[in-house]
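# Survey of secondary and tertiary structure
Each chain is listed here by its residues.
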Amino acid sequence: MEQRIEINGVSKIGKVLLLLLFLFNNETLANNLCTWMQQPTIIVVGMLFAWFVVNGINKHYFRHVDKGSFVAATALSVCAMIVFFIDNAKNGYILLAMALLSSFAITTTFRVDEFEIEIVKISKWISLYSLICTYILKIIAPKLGFIRIVRNSAGTAFYNFIFCYVHTGTNYYRNYGVFREPGVYAYFLCLALLFLILKKKHFDQKDFTSTLVILVITLITTFSTTGYIAILVILIWVAFVRKELNYKLAIILSIATVALIVFSNNFIDNPLSKLNANSSSYLYRIESIKTAMNLIIKRPLGYGINIGLNEMATNYGMATFHNTNTWTTLAVYFGIPFMVITTLGMIMFIKKTSSSLVLLVPFIFLLSGEMLVYNPFVYVLIIYGYKKIEGKEYESVRD
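Computed from a predicted structure; not experimentally measured. Residue positions are given per chain, counted from 1 along the sequence in the order it is written. Reporting in this predicted model follows two pLDDT cut-offs: at least 70 for local features of residues, and 80 or more for side-chain atom pairs to be given and counted; totals over whole chains, interfaces and linings ignore these cut-offs and use all residues. Computation of side-chain values covers all heavy atoms of the structure but excludes hydrogens and water.

## A look at a nonpolar patch on the surface
Residues with no salt bridge and a relative accessible area higher than 30% make up the patches, which join like charges within 9 Å and nonpolar side chains (Val, Leu, Ile, Met, Phe, Trp, Tyr) within 5 Å. Computed by Shrake-Rupley with a 1.4 Å probe, the accessible areas treat only the displayed protein chains as cover when residues are assessed. Salt bridge, as used here, is a side-chain nitrogen of Lys or Arg placed within 4 Å of a carboxyl oxygen of Asp or Glu. A cluster of nonpolar residues, Met81, Phe85 and Ile86, forms a patch on the protein surface that exposes about 330 Å² of accessible area. Helix numbers and strand numbers start at the N terminus; a helix is a DSSP run of H or I with at least 4 residues, a strand a run of E with at least 2. Its location among the elements puts Ile86 in the loop between helix H4 (67–84) and helix H5 (91–109).

## Description of the pattern of salt bridges
Per the counting criterion, the structure on display carries seven salt bridges. One salt bridge connects Asp113 with Arg111, and the closest N-O pair in it is separated by 2.5 Å. The class of Asp113 is buried, set by a relative accessible area of 1%. Taking the shortest distance from any N to any O, the salt bridge between Lys121 and Glu118 comes out at 4.0 Å. Exposure classes here rest on a 1.4 Å probe applied to the protein chains alone. A residue is buried below 20% of its type maximum, exposed above 50%, and partly exposed in between.

## Brief notes about the packing of aromatic side chains
Stacked, tilted and edge-to-face are the three classes applied to pairs of Phe, Tyr and Trp rings, where Trp contributes its six-membered ring and a pair requires centres within 6.5 Å; stacked means planes under 30 degrees apart, edge-to-face means over 60, and tilted covers the rest. Applying the stated criterion across every chain yields a total of 27 aromatic pairs. Between Tyr172 and Tyr176, the ring centres sit 6.4 Å apart and the planes meet at 35°, which makes this aromatic pair tilted. Both rings, one in Phe188 and one in Phe377, keep their centres 5.4 Å apart while their planes meet at 70°; by these two values the pair is edge-to-face. Taken together, the positions of Phe188 in helix H7 (residues 182–198) and Phe377 in helix H16 (residues 376–386) put the pair 189 residues apart, joining distant regions of the chain. Looking at Phe188, the relative accessible area reads 2%, which means it is buried. Grouped by ring-pair contacts, the aromatic residues Phe22, Phe115, Phe179, Tyr185, Tyr187, Phe188, Phe195, Phe349, Phe363, Phe377 and Tyr384 constitute a single cluster. Note that Lys138 overlies the ring of Tyr173, its terminal NZ or CZ placed 5.4 Å from the centroid. Note on geometry: a ring has a charge over it if NZ (lysine) or CZ (arginine) is within 6 Å of the ring centre and within 35 degrees of the ring normal. Above the ring of Phe208, the side-chain terminus of Lys200 is found at 5.2 Å from the ring centroid.

Right, dumping it as structure tokens:
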């Protein structure tokens, strides 16, 4: 039996703030339901920054700030500032600033293994709660007069279970968790699944297995096409390349995923239909990529947020409002240098944590399927990629 590795580092306050950022970041539905100045993420980032400053003073973090992560965060900020002065939008830049600030605070105060383990723990219980809400509480919600119904910007109605939002449609079963889209939820679940597998030695066998099953089942219930591709790559890699996961369990989970994809059209739109060249989802995604590439060639240093969005809409058609590609959007908004810095950071993070660039494939798909330009949990990985990591933080990964 493998010995479980214990980590004691970040204070309870830090863990609570990370949980709050998970629940109320820019991609959660709770944040999107509010007007600009009422968004809870502003309060959470403010508290996180205050904690970061206090810790920096008390524990002398500022004397030992990692040069690589500091230069990366500064370079991203400079790229954004360059286009800010030619643009006429402010809100988007504030969101980006909050994402960069909160991600830098996390990477400075959390060791990378501490961050990964906390994300796994948070995701496990949020996942379990979302399964209960989506497939049990939804049935009785209409009979409970105190369950509030909220609507997003598109007018779609959701039951508000506080830490989970459930679509009110009778025959609609996609799991949103706390997020604005099931595809966004899939990104966080894949992140947690990867961290769980890489940090297996930090969990006892029972906890590891239960968490793995909960995360996989929850990811399946998002019915996210990119999420399915990502999970299959991760499970196959772990079972047959790393050989750290019982290959029988990996095969069972993979077959279950494939079977659900094939037969899911009996009760929901089949995720594979999005790969059909005639589907609206496929056409929107391809059109957004073509549009972005044309704009990038014309102005490699970026258009800015508002100008870039208007260029895509007015010059290339209304379909480009459905842009769901993080990579190309970064280049259009903030320029090729910004996208290169983020891409290299992601590559270095994957290389440091897993020693295999195969795991870059899931993140390429996930970030190509959702627009996560302002998501702090994307920039955390990027900044960790540039940070000089102590070897002991990866002992459990490289054994």
